[in-house]
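The lines below spell out each chain.
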Amino acid sequence: MEKQETAGTHPTQAAVDACFTNDISPEQVEALFLQVSGAFPAWLHGDYIRNGPGTFKGMDHLFDGYGMLVKFSFENGKVTTQQRFVQSNAYKTFVDRGYKLKYNEFGTARPALQSLPVIAAGLLGIGQGFTDNATVNVFPSNADGSELLAVTESVKGTYRLDTATLATKHQEKYTDSIKGDLNTAHPKLLPSGESINIVVGFGDGYKVVRQQRESHERQEIAKIPLSQFPAPSWIHDFPITKNYVVVPETPIYFNMLAALTLGKAPYVQFDWKPETRSILHLVPLNGDKSKIRHVKAPSYFTFHYINAYETEDGTNIHIDFGNFADPEMLNSLKLASVRSNERPVQASPITRLTVPLSGDSEATLSKLMKDDDAYTFSELPRINPRYKGEAYRYGYSVSAKLPVSYGNALSKFDMQEGTSKQWHEAGCIPVEPLMVPAPNAKSEDDGVVLSIVMGGDGKSFLLCLDAGSFEELGRAHLPYGIPYGFHASFIPART
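What counts, and where the lines are drawn
Residues numbered from 1 in each chain as written. Predicted model: local features only at pLDDT ≥ 70, side-chain atom pairs only at ≥ 80, totals over all residues. Heavy atoms only, no water. Helix = DSSP H or I, 4+ residues; strand = E, 2+ residues; numbered from the N terminus. Rg over C-alpha atoms; globule rule 2.2 N^0.38 Å. Buried < 20%, exposed > 50% of the residue type's maximum accessible area, 1.4 Å probe, protein only. Contact = heavy atoms within 4.5 Å. Areas by Shrake-Rupley, 256 points an atom, 1.4 Å probe, with all protein chains shown as cover. Phe/Tyr/Trp six-rings, centres within 6.5 Å; stacked < 30°, edge-to-face > 60°. Lys NZ or Arg CZ within 6 Å of the ring centre and 35° of its normal. Salt bridge = Lys/Arg side-chain N within 4 Å of Asp/Glu carboxyl O. Arc of directions from axis to C-beta. Core = buried A, V, L, I, M, F, W, Y, C linked by side-chain atoms within 4.5 Å. pLDDT = per-residue confidence, 0-100. Pairing = 2+ DSSP bridges. Axes fitted to C-alpha atoms, helices over the stretch in contact; angles between N-to-C directions. Polar contact = N/O pair within 3.5 Å; in protein donor to acceptor, adjacent residues only side chain to side chain. 1 Å grid on protein atoms, 1.4 Å probe; cavity = no way out; pocket = protein on both sides within 12 Å on 5 of 7 lines; lining within 4 Å. Points joined across faces, edges and corners; volume = space filled by probe spheres on them.

**Student:** It is not clear to me how the overall build of the protein chain should be interpreted in this structure. Could you clarify?
**Tutor:** Counting secondary structure elements, the protein chain contains eight helices and 33 strands. For the protein chain, whose C-alpha radius of gyration is 21 Å, the value lies close to the compact-globule estimate of 23 Å for 495 residues. Principal-axis analysis of the C-alpha atoms gives the protein chain an extent of 55 × 55 × 50 Å. Across the 495 residues of the protein chain, 60% fall into the buried class. Considering only intrachain contacts with a sequence separation of at least 6, the fraction spanning at least 24 residues in the protein chain is 60%. Summed over its atoms, the accessible surface of the protein chain is roughly 19200 Å², and 50% of this surface lies on carbon and sulfur atoms.

**Student:** How should I be thinking about the packing of aromatic side chains in this particular structure?
**Tutor:** Working definition: an aromatic ring pair is given by the centre-to-centre distance plus the angle between the planes. Counting across every chain of the model gives 29 aromatic pairs. For the pair Phe-301 and Phe-324, a centre-to-centre distance of 5.9 Å together with 55° between the ring planes defines the contact as tilted. A residue pair is termed long-range when its members are at least 10 positions apart, and Phe-301 in the loop between strand S19 (293-297) and strand S20 (305-310) and Phe-324 in the loop between strand S21 (316-322) and helix H6 (328-332) qualify at 23 residues. When its relative accessible area of 1% is taken as the criterion, Phe-301 is described as buried. Across the ring face of Phe-238, the terminal group of Lys-188 is positioned such that the distance to the ring centre comes to 5.1 Å. Across the ring face of Tyr-174, the terminal group of Arg-218 is positioned such that the distance to the ring centre comes to 4.1 Å.

**Student:** What am I meant to see in the pattern of salt bridges here?
**Tutor:** Opposite charge on two side chains makes pairing possible when the charged atoms of those side chains draw close. The final tally for this structure, using the stated rule, is 18 salt bridges. For the salt bridge of Asp-204 with Lys-207, the shortest nitrogen-to-oxygen distance reads 2.7 Å. The exposure class assigned to Asp-204 is partly exposed, which follows from its relative accessible area of 23%. The shortest N-O distance in the salt bridge between Glu-417 and Arg-393 comes to 4.0 Å. Residue Glu-417 is located in the loop between strand S26 (409-414) and strand S27 (419-424), and its partner Arg-393 is located in the loop between strand S24 (379-382) and strand S25 (394-399); the two are separated by 24 residues in the primary sequence.

**Student:** Sorry if this is basic, but what is going on with helix H3 (residues 89-96) here?
**Tutor:** For H3, the full list of buried residues reads Ala-90, Tyr-91 and Phe-94. Along the long axis of H3, the arc covered by the buried residues comes to 100°, so they all point the same way. Where the residues of H3 are buried, they touch strand S5 (78-85). In the stretch just after H3, Gly-98 is the one whose phi turns positive, near 70°.

**Student:** It is not clear to me how the nonpolar core should be interpreted in this structure. Could you clarify?
**Tutor:** For soluble globular proteins, the rule of thumb is that nonpolar side chains tend to be buried together. Phe-20, Tyr-48, Phe-72, Phe-74, Leu-330 and Leu-450 are the most contacted members of the largest nonpolar core, which totals 99 residues. The element that contributes the greatest number of residues to this core is strand S30 (residues 447-454), accounting for six residues. Core analysis: the next-biggest nonpolar cluster, separate from the first, contains 16 residues, Tyr-244, Val-295, Tyr-305 and Val-355 among them.

**Student:** Please explain the confidence of the model for the protein chain as it appears in this structure.
**Tutor:** On average, the protein chain scores 93 in pLDDT, and the residues at 70 or more come to 95%. Every residue in residues 1-7 scores below 50 in pLDDT, and together they form twelve contacts with partners more than four places removed in sequence or on other chains.

**Student:** Quick question: what am I supposed to make of the sheet that holds strand S3 (residues 46-53) here?
**Tutor:** Within a beta sheet, neighbouring strands are joined by backbone hydrogen bonds and run either parallel or antiparallel to one another. Judged by pairing direction, the sheet is antiparallel, and its five strands sit side by side in the order S1-S5-S4-S3-S33 without closing on themselves. Lying at the two open borders of the sheet, with one neighbouring strand each, are strand S1 (28-33) and strand S33 (488-492). The sheet shows a mean angle of 15° between the axes of neighbouring strands, direction not considered.

**Student:** What exactly am I supposed to notice about the side chain of His-304 here?
**Tutor:** Secondary-structure assignment places His-304 in the loop between S19 and S20. One polar contact links His-304 to His-236, side chain to side chain, over a distance of 3.1 Å. There is a polar contact of 2.7 Å between the side chain of His-304 and the side chain of Glu-379. If we skip the residues at most four places from it in the chain, His-304 touches His-186, His-236, Asp-237, Phe-321, Gly-322, Glu-379, Leu-380, Pro-381 and His-487.

**Student:** Would you mind going over the sheet that holds strand S9 (residues 168-171) with me for this structure?
**Tutor:** Spatial strand order, S6-S7-S8-S9: four strands in an open sheet with antiparallel pairing. Pairing within the sheet leaves two strands with one partner each, and these edge strands are strand S6 (137-140) and S9. On average, each strand axis in the sheet is inclined to that of its neighbour by 25°, with strand direction left out of account. As paired elements, strand S7 (residues 147-151) and strand S8 (residues 158-162) share five bridges and run antiparallel to each other. Each bridged residue has a counterpart across the sheet, and for Leu-149 the counterpart in S8 is Arg-160.

**Student:** I keep staring at empty space enclosed by the protein and nothing clicks. Help me out?
**Tutor:** Gaps left between atoms are located by rolling a probe of water-molecule size over the structure's atoms. A complete count under the given rule lists five cavities of 30 Å³ or more for this structure. Size it by volume and the largest cavity reaches roughly 360 Å³. Every residue lining the largest cavity is counted, 28 residues in all, and those nearest its centre are Phe-139, Leu-149, Tyr-174, Ser-195 and Gln-211. Elements that contribute at least two residues to the lining of the largest cavity include exactly S6, S7, S8, strand S12 (195-200) and strand S13 (205-211). Ranked by residues supplied to the lining of the largest cavity, first place goes to S12 with four residues.

In structure tokens form, the structure reads like this:
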């Protein structure tokens, strides 16, 4: 596209084609050494592993591609890469059926007569009714980091893999009796090694669950009833502090007919009901059900929360996130839209939700940033992981240098000063910036930020920025392009 070459902010056609490809990405089983420009810090020793689609063949939405793990390993400044598909039932049947779907994906549905029997079998407990395409997130599953869990929003979409080879071991099976077909794709890993998540069932409720590391049994902490029975709110991510899990019941609700492929919804498979406003359910992590609070809040929509923490005086919880006015971004992420690269990106300024821990007052919203770059678009946010659930200062996210149709830059946000720094390179498409703190960090932003970037030539590179100055330290060049992806983890090398 001529405008992409001249404007300097739109990605090149080569970058768009490679990011949202219909081709099946080849697996890289053996470690491939990469050419490095600049330098990666000598202390960076371990594995950066990201989950995301390995192909969009036959798909209609950005969230639908079949999961592929991409790994970059660092040792003494050298960088190698590997990538392999997660061998989910959904992916294997897709390949076996000649690249045709058996299960509906997030925004790609089969005809109702084909999909209803599959969904019905799952609801009756006699088969798998929902996709198990583990394409969203990945994190270590055991203390030494030798195994991984790749996850998505379906309970069945949790797979265990080997960190060294990225080989799929098996689908996780839970031994408890907790019901619900969906969970968030962002379980919260606590310092103790246990994890917290929210399990959701149609016509049931929101169940806050705790799971010990390497255990297959989830324990219910609390159950919150649906305010818009039988449709649950869509919860992709949720905030957590040292003492509370926040169940964010925002006014985006599953359209039940669309979920069953019997109708269409305004926003992929969801309805937007801003008149119902939001309800924030505060659940104590200690399991004291008598202390659960239900706080009303303004209507808002977000995909991800940056961080949440309790104020020093114990009166409030601060929750920070990129705030969309409505869920129109879901429609903008349909592949026809992202490939056309013509629809203006929807603004999502960084916003703070202040939630009172006592009394009858409602939660309030306030904007945090002062400069224009920070007000355009903020998504796929990360922070220094040592500050999760704690008071913090810096956040990192995909951002936008306008005009553009989706994120084309990376930003560092200073929540105290309300200012930001931005990295942008003409023609490129970066994804989630993962902050890796230095081993003996002397400050919150002492470390590096890693992001896989699709270059303007249609080939990817791993970008390494100084987390403090936000200046480039180095990049590792791949001889091919990696499709657009989502969330990553860094696993330090075992000593």
